[in-house]
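Structure at a glance
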Amino acid sequence: MHRVIISGIGVEIPEASITNDELVESFNAWVDAENARLAGTGAELLQKSDSDFIVHASGIRKRHVIERAGILDPKRMAPRLPARPDDALSVQAEFGIAAARKAMAHAGIEPGDIDLVICSCSHLQRPYPAIAIEMQQALGTRGAAFDMGLGCSSAAAALHMAVNLVRSGGQKRVLVVTPEITTGHLNFRDRQTHFIFGDAAVSMVVEAVEGDDVRPGRFEVLDTRLWTQLSSNIRTNLGYLTRTAQDDPYMIDLEGNMIKQVGNKVFKEVTVAGHKFIVEFLAEHGLTPNGIRRFWLHQANARMNAMILKLAFGHEVGHDRAPMVLERLGNTAGAGAIIALSENHADMKPGDFGLLCAFGAGYSIGGALLRMS
């Protein structure tokens, strides 16, 4: 069985951003228009959003997005991404490739050194041909490529698969790419979720090393874990069968089938499950949370992360132990924990342990125990 390292990490964050105030202004303008239309009908009027409410509920102050004008237009409230011809690079492949090139440069390798590409994210632009195969073609990597997804645990799930393929000798070097264009699937007219997500793409190069030849400054992957349990508290029903439930299959109800969640249940249940997963995973390796130098957790909710860590440690821990990027990026789905890892590891010393852990719809949890070389 081979030793495995993460030899390269790449992050691509869109330049455009939206503050809470900007998002709330757009949402409330739409609410005013809707309430004027509903006035006198007996229908319940809509509630406005509020920047302070958003910060309290999530810890988010702004998010980066792949396109902002369409999102902030109260008459549209969705990104405006023009369709591309079939022979042009898709938006999602283009986004993922930007992160992938950075990861390969960080690893010091060429595309021809890669023998498998895994595209794993919470939402895919299309079912087929696979976005991963499109990226394989554009990058010039060898071997094969495929798509997969596990909600916000997608990058951790792909890392789990890549590590075990490389460890067993099935692959030599795997490129994991997580291009999250979550704003394209978000209902910006839903007060409970319109503020949550931002867009980002991340990538990792996972490869085998011979003997003790682990490159300094890279992470050896000691172990990975996945856990799932069915829950509809975070759910989307938008898919190719959506049209078959409509009276007119050519007029699809998008709004009722986009992301929805029961926030209070998600908070409670994922907090309990996340704490249990972390403590049990570490215990399998004779470790406790106190023996971990740094935690890179899923960037969904600041209060939830704080509670998970407080349960694990028995006391509150700060940014140095468990860095957050949520405040300025929003929830970037599968990308968030990898961004936290990329931005917060340079000060770690050889032998330091780190735990990457993501929580997602399903429910799902993915973890990787890392050691700095």
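Residues numbered from 1 in each chain as written. Predicted model: local features only at pLDDT ≥ 70, side-chain atom pairs only at ≥ 80, totals over all residues. Heavy atoms only, no water.

1. Quick look at the pattern of salt bridges
- A complete count under the given rule lists 18 salt bridges for this structure.
- Between E22 and R68 there is a salt bridge whose closest N-O contact spans 3.2 Å. Taken as a pair, E22 in helix α1 (residues 20-38) and R68 in the loop between β3 (62-64) and α3 (69-72) lie far apart in primary sequence, 46 residues in all.
- For E22, a relative accessible area of 27% corresponds to the partly exposed category.
- For the salt bridge of E134 with R126, the shortest nitrogen-to-oxygen distance reads 2.8 Å.
- Given a relative accessible area of 15%, E134 falls into the buried group.
- Taken together, the shared-partner salt bridges connect R293, R294, D320 and D347 into one network. (Salt bridge = Lys/Arg side-chain N within 4 Å of Asp/Glu carboxyl O. Helix = DSSP H or I, 4+ residues; strand = E, 2+ residues; numbered from the N terminus. Buried < 20%, exposed > 50% of the residue type's maximum accessible area, 1.4 Å probe, protein only.)

2. Looking at the nonpolar core
- Grouped together as the largest cluster of nonpolar side chains are 37 residues, with contacts concentrated most on L159, W296, I339 and L370.
- Breaking this core down by element, the ones donating at least two residues are β1 (3-12), β4 (116-120), α6 (154-168), β6 (173-180), β7 (200-209), β8 (219-228), α10 (336-343) and β13 (364-372).
- No other element matches α6, which puts seven residues into this core.
- Listed in part, the 24 residues of the second largest apolar core include V270, I278, F313 and L369. (Core = buried A, V, L, I, M, F, W, Y, C linked by side-chain atoms within 4.5 Å.)

3. Description of a nonpolar patch on the surface
- Nonpolar side chains collect at one region of the surface, where L238, I252 and L254 lie side by side and expose about 240 Å² of accessible area between them.
- Within the fold, I252 resides in the loop between β9 (234-235) and β10 (260-261). (Patch = residues over 30% accessible without salt bridge, like charges linked within 9 Å, V, L, I, M, F, W, Y side chains within 5 Å. Areas by Shrake-Rupley, 256 points an atom, 1.4 Å probe, with all protein chains shown as cover.)

Everything listed here is a matter of geometry and, on its own, says nothing about what the molecule does.
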